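Here's the letter readout for the chains.
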Amino acid sequence: RRQRQMCIRDRCHIVLFTTGRGTPFGTFVPTVKISSHTGLAEKKSNWIDFNAGTLLEGEPMTTVLERFTSFVLDVASGRQTLNEENGYHEIAIFKSGVTL
């Protein structure tokens, strides 16, 4: 338990998890869930931390990259991911809820 608290407090690891269906994956370190589809990000707004689907809607790659880099740096600096805000700290092997 102490090691988990140290990893979270010190931000020594961050998981960048790309998800196609909004899997509620979480670990004892910050887990940033990245959606490649805006519809998914909107439907699973309580799970998806970053919507990269705007790239497919015409947002320039450099702008998406700037937003993403800024978000990751914010998490590394102490911003909580949605898993942390919602108290999800376990790995989800099976997806709960409806598959989109």
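Further up the page is the structure itself.
Being a predicted model, the structure only gives us computed values, none of them experimental.

Moving on: the sheet that holds strand β1 (residues 15–19). What the three strands build is an open sheet, ordered β1-β2-β3; its pairing is parallel. Strand pairing shows two members of the sheet lacking a second neighbour, β1 and β3 (50–51), which therefore form its edges. Pairing of strand β2 (residues 31–35) with β3 involves two bridges; the strand directions are parallel. The residue bridging Ser35 from the neighbouring strand is Asn51, located in β3.

The next point concerns the nonpolar core. Counting residues in each nonpolar core, the largest one holds six residues, listed as Val32, Ile34, Phe50, Val64, Phe71 and Val75. Those elements that place two or more of their residues in this core are β2 and α3 (61–76). The biggest single contributor to this core is α3, with three residues. Among all residues touching Ile34, those that are not within four sequence positions of it are Leu16, Phe17, Thr18, Thr19, Phe50, Ala52 and Phe68.

Before going further, it helps to examine the pattern of salt bridges. With the rule as written, the count across this model stands at two salt bridges. For the salt bridge of Arg67 with Glu59, the shortest nitrogen-to-oxygen distance reads 3.1 Å. Given the relative accessible area of 32%, Arg67 is considered partly exposed. Of the residues examined, Glu59 reaches a relative accessible area of 18% and is grouped as buried. Asp74 serves as the salt-bridge partner of Arg79, at 3.8 Å between the closest nitrogen and oxygen.

The rules behind these values
- The residue numbering used here restarts from 1 in each chain and proceeds along that chain's sequence as written.
- Only residues with pLDDT of 70 or above have their local features reported here, since the model is predicted, and side-chain atom pairs are shown and tallied only from 80 upward, although totals for entire chains, interfaces and linings are computed over all residues.
- Where side-chain values are given, they derive from all heavy atoms of the structure, hydrogens and water being excluded.
- Strand pairing is assigned whenever DSSP detects at least two bridges linking the two strands.
- Only DSSP runs of H or I with at least four residues qualify as helices, and only runs of E with at least two residues qualify as strands; both kinds are numbered from the N terminus onward.
- Side-chain atoms within 4.5 Å are what join buried Ala, Val, Leu, Ile, Met, Phe, Trp, Tyr and Cys residues into a set we call a nonpolar core.
- Accessibility here uses a 1.4 Å probe with only protein chains present; expressed as a share of the type maximum, an area under 20% marks a residue as buried, one over 50% as exposed, and anything in between as partly exposed.
- By definition, residues are in contact when any of their heavy atoms lie within 4.5 Å.
- Should a side-chain nitrogen of Lys or Arg be within 4 Å of a carboxyl oxygen of Asp or Glu, the pair is scored as a salt bridge.

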